[in-house]
Amino acid sequence: SCMGSQLSSLMATAGTTRDAYTPDGPVAKRIASVTPYFPFKGIPKFYDIGGFLKDPEAFALVVEVLVERYRNEDITSICGLDARGFVLGPPLALALKKPFFMLRKKGKMPNVVTGEAYAKEYAGNDALSIPRGAVSAGDKVLVIDDLVATGGTLLAAIELIKKFDGKIVECACVVELKFLDARGAFDKKGHGDVPIWAMMSEDILTLDGLADASIPTDGYVDDGEAH
Ligand code: HSX
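Residues numbered from 1 in each chain as written. Predicted model: local features only at pLDDT ≥ 70, side-chain atom pairs only at ≥ 80, totals over all residues. Heavy atoms only, no water.

## Observations regarding unusual backbone geometry
- Put simply, D82 and A83 share a cis peptide bond, and its omega is 5°.
- Along the polypeptide, A83 turns up in the loop between strand 3 (77-81) and helix 5 (85-96).
- Residue N111 is not a glycine yet carries a positive backbone phi of 55°.
- Assignment of secondary structure puts N111 in the loop between strand 4 (100-105) and strand 5 (112-114).
- One non-glycine residue, D181, lies in positive phi territory at about 55°.
- Topologically, D181 is positioned in the loop between strand 11 (167-176) and helix 7 (182-188). (Helix = DSSP H or I, 4+ residues; strand = E, 2+ residues; numbered from the N terminus.)

The structure is reproduced here in structure tokens:
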């Protein structure tokens, strides 16, 4: 099909490989073109992966980029964060043939250890739980989520993984909202050793047409939904 050949030519020419891929290059722009940002919960540039989930070719590109980035890394398991990390982690884990585990919001899963409550700047407090036995000493864990904002969610994950003497290879996400300085928060909490990698630069995201003028922005802000 036309879309299929667009995909293979993007993969071949622009590259999804670790060396060729850049967060503002043609592949990133193709993904960004179907995943606009919109104002949400007081954050001007929120972002949602729903756009590429309904576009199988864009979703395939996302997975391909992740697979290429981590295929030669020394990783023992992949950890997805509640909830969108549950969408991105499994296809990667299957492709790399690595175990996958979930860190869930507190109260959702049996036989867990729950970490300290953490604050998200725009969404109140939360806590994450890790399944007992998910991480053993010396494990090399790749953490994945959709969006890094304040880094509070990732920090909660990092602390749980390190509690069991796991090492975090990298925190992979689709977009990092750099102005909220998750990097600084990691450093301040003593996790300067943990890298963050974002697949797409926030600079290439475009405003959701629906969020533009025709529908009142109020409809998008503070809907009170858990996310
Ligand atoms: C949203 O907030 C995203 O899906 C992430 O899980 C999280 C990022 O916010 P933050 O903890 O970095 O501030 O639910």
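## Things to note about helix 5
- Spanning 12 residues, helix 5 covers 16 Å between terminal C-alpha atoms, matching the ideal 16 Å at 1.5 Å per step.
- Lining the buried residues of helix 5 we find helix 3 (50-53), helix 4 (56-70), strand 3, strand 4, strand 9 (140-144) and strand 11.
- Once helix 5 finishes, K97 follows within two positions and takes phi at roughly 55°, a positive value. (Expected span 1.5 Å × (residues − 1). Contact = heavy atoms within 4.5 Å.)

## Section: the environment of M200
- Here M200 lies in strand 12 (residues 196-200).
- For M200 and E176, which are 24 residues apart along the polypeptide, the C-alpha to C-alpha distance reads 7.9 Å.
- For M200, the residues in contact, after removing those within four places along its chain, are Y21, P23, A28, I31, A32, T35, Y47, V174, V175 and L205.

## Some points on the pairing of strand 3
- Taking burial as the measure, the 5 residues of strand 3 include 5 buried ones, the bulk of the element.
- Side chains S77, C79 and L81 of strand 3 all project onto a buried face; the interleaved residues I78 and G80 project onto the opposite face, where all are buried too.
- Looking at chain direction, strand 3 and strand 4 are connected through 4 bridges and run parallel. Directly across from I78, in strand 4, lies its bridge partner F100.
- Following the chain from strand 3 across helix 5 to the adjacent parallel strand 4, one finds a crossover that is right-handed. (Buried < 20%, exposed > 50% of the residue type's maximum accessible area, 1.4 Å probe, protein only. Pairing = 2+ DSSP bridges. Right-handed = clockwise from strand over helix to strand, strands pointing away.)

## So, the pattern of salt bridges
- In this structure the tally under the stated criterion is 11 salt bridges.
- D82 serves as the salt-bridge partner of R104, at 3.7 Å between the closest nitrogen and oxygen. Taken together, the residues span a long stretch of sequence, with R104 in strand 4 and D82 in the loop between strand 3 and helix 5 at a distance of 22 residues.
- Using a relative accessible area of 23% as the deciding quantity, one classes R104 as partly exposed.
- Connected through salt bridges with shared partners, the residues D48, R84 and D146 form a single ionic network. (Salt bridge = Lys/Arg side-chain N within 4 Å of Asp/Glu carboxyl O.)

## Things to note about the confidence of the model for the protein
- Confidence along the protein averages 88 in pLDDT terms, with 85% of residues attaining 70 or more.
- Across the protein, strand 9 holds the top mean pLDDT of 99, while helix 8 (residues 209-212) sits lowest at 53. (pLDDT = per-residue confidence, 0-100.)

## What about helix 4?
- Relative to the 21 Å expected for 15 residues at 1.5 Å per residue, helix 4 spans 21 Å between its end C-alpha atoms, a close match to the ideal helical length.
- Burial analysis of helix 4 places 11 of its 15 residues in the buried class, the great majority of the element.
- Buried residues of helix 4: E57, A58, L61, V62, V63, V65, L66, V67, E68, R69 and Y70, and no others.

## Here we look at the pairing of strand 8 (residues 128-131)
- Here strand 8 shows no split at all, with L128 and I130 on one side and S129 and P131 on the other all buried.
- The sheet contact formed by strand 4 and strand 8 spans 2 bridges and is antiparallel. Bridge pairing in strand 8 places R104 opposite S129.
- Here strand 5 runs beside strand 8; their pairing, made up of 3 bridges, is antiparallel. What sits directly across from V112, in strand 8, is P131.

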